[in-house]
Amino acid sequence: MVKRHFWRLDTKSIVFFQSEQGSKYYKEILLSDVLAIEPARIKNGDVMHCFEIRTANIDYFVGQDPLHDIPDVNKVNLPPPDSGIGAYLARKPEKCSDDENQVTDMNQIYQIYPDEVLGSGQFGIVYGGVHRKTARSVAIKVIDKLRFPTKQEAQLKNEVSILQNLSHPGVVNLERMFETPERIFVVMEKLKGDMLEMILSHENGRLTERVTKFLITQILIALKHLHSKNIVHCDLKPENVLLSSNAEFPQVKLCDFGFARIIGEKSFRRSVVGTPAYLAPEVLRNKGYNRSLDMWSVGVIVYVSLSGTFPFNEDEDINEQIQNAAFMYPPNPWKEISSDAIDLINNLLQVKQRKRYTVDKSLQHIWLQDYQTWCDLRVLENHIGARYITHESDDARWERHRTDL
């Protein structure tokens, strides 16, 4: 029994499509399931196809000419080379086109490691990889286009292209985007870990105020840059705050802009985005949201960092929980945490968006206006060789503070 399909090969699998244009597919063979690729066997002195792919249960013939399995009475001339049928196409795997509209096979530039899974999300998986020429490590997000509608696909490509034009030390650098009919590959710089791992691996299951101030200041500086470009992250959480080293005071970079939205200062969006535990009430209630959405998420991140727990029980009304201070800040561990930290959290976890602190207001808050934090950040900037977190206009003020100590 012969079934014919349009085959497309990428870095992870071979997909059998029902037609050249459509997205309906019959099955997918993972490359890891392929046992061998063999030359075509000669039958009755005739080669019927280009080559064979062997798996544990089935052998697949690639590039079989239809002439060989049609009864004599129905025999037709071989299809033309551009028909997508038979031996001609089997010799020519599908190529990806890069952002310069030149035909480029991603595999020629990057090696992807399917066994090194760095993370996974709703639409795709992030794998480790390497740039072949320079041996530089990269992270490659593989997004399955078949999992989401064409409208979202267009939006994703638009947002990736916007982020490709973003350049900031506090935002993960997006190097390139490749595309096949089934997948989008987004190549990013590779980092060492994320803030969630840092919190969970800490001996107390939570971070000190000193480390939290150091990380939160960097998050706010990166957000300030995004918001200045009218980009709202929409899915801020510790897993999306990557660390460039395993040091106690590492450089922070925001990543995973799968939900990022382009939102002007006064504009509002309504589509539901993000991760429920970090989502602002206006999104959960399907009210319009704006850039203050990210600020709510920062409040949750500060809370989680300092306590190792979430501020809210998802089954109860957030308003009531916020008004119940005993529930929000139980003595263990909050009696050990400064009232200034709690004050900043309270100003970020404001249900009314107009009352919620902005990036600038948060950076000016007394809890973050801290000499030790400034010193820690200056050490980092000197190590990186770039000044983008602190500002030289503050140098004299902190120098006076130091001499007054």
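Procedures and definitions
- Residues numbered from 1 in each chain as written.
- Predicted model: local features only at pLDDT ≥ 70, side-chain atom pairs only at ≥ 80, totals over all residues.
- Heavy atoms only, no water.
- UniProt positions renumbered as here; feature names shortened; annotations may be inferred.
- Phe/Tyr/Trp six-rings, centres within 6.5 Å; stacked < 30°, edge-to-face > 60°.
- Buried < 20%, exposed > 50% of the residue type's maximum accessible area, 1.4 Å probe, protein only.
- Helix = DSSP H or I, 4+ residues; strand = E, 2+ residues; numbered from the N terminus.
- Pairing = 2+ DSSP bridges.
- Axes fitted to C-alpha atoms, helices over the stretch in contact; angles between N-to-C directions.

- Looking at an unreviewed UniProt entry, one finds the chain named Protein kinase domain-containing protein, with Henosepilachna vigintioctopunctata as its source organism.
- If you open the UniProt record of the chain and go to Sequence similarities (unreviewed entry), you find "Belongs to the protein kinase superfamily."

**Considerations on the packing of aromatic side chains**
Move 1: The final tally for this structure, using the stated rule, is nine aromatic pairs.
Move 2: Centroid distance Tyr329 to Trp334: 5.0 Å. Interplanar angle 85°. Geometry classified as edge-to-face. With respect to burial, Tyr329 and Trp334 carry one shared label: buried.
Move 3: On the numbers, 6.3 Å between centres and 20° between planes, the contact of Tyr371 with Trp374 is stacked. In this pair, Tyr371 and Trp374 are both assigned in helix α13 (residues 371-384), three residues apart and thus about one turn of the helix distant. Taken as a pair, Tyr371 and Trp374 share a single burial class, namely buried.
Move 4: Through a chain of ring-to-ring contacts, three or more aromatic side chains come together here, namely Tyr303, Tyr329 and Trp334.

**Observations regarding the sheet that holds strand β1 (residues 6-9)**
Move 1: Reading across the sheet, the three strands line up as β1-β2-β3 and stay open at both edges, with antiparallel pairing between neighbours. Of all the strands in the sheet, the pair left with one neighbour each is β1 and β3 (25-30). Averaged over all neighbouring strand pairs, the angle between strand axes comes to 20°, with direction disregarded.
Move 2: Here four bridges tie β1 to strand β2 (residues 13-17), and the two strands are oriented antiparallel to one another.

**Thoughts on the sheet that holds strand β13 (residues 137-144)**
Move 1: What the five strands build is an open sheet, ordered β11-β12-β13-β15-β14; its pairing is antiparallel. Strands at the two margins of the open sheet, each flanked by one partner only, are β11 (110-120) and β14 (174-179). In this sheet, neighbouring strand axes are inclined to one another by 30° on average, regardless of whether the strands run parallel or antiparallel.
Move 2: Where β11 meets strand β12 (residues 124-131), seven bridges bridge the pair, whose relative direction is antiparallel. What sits directly across from Ser120, in β12, is Ile125.

**Some points on the pairing of β14**
Two faces belong to every sheet, and in a regular strand the side chains alternate between them.
Move 1: Judged from the five bridges that link them, β14 and strand β15 (residues 183-189) form a sheet pairing that is antiparallel. Residue pairing across strands places Met177 opposite Val186, the latter belonging to β15.
Move 2: Hairpin geometry of β14 and β15 is characterised by an intervening segment of three residues between the two adjacent antiparallel strands.

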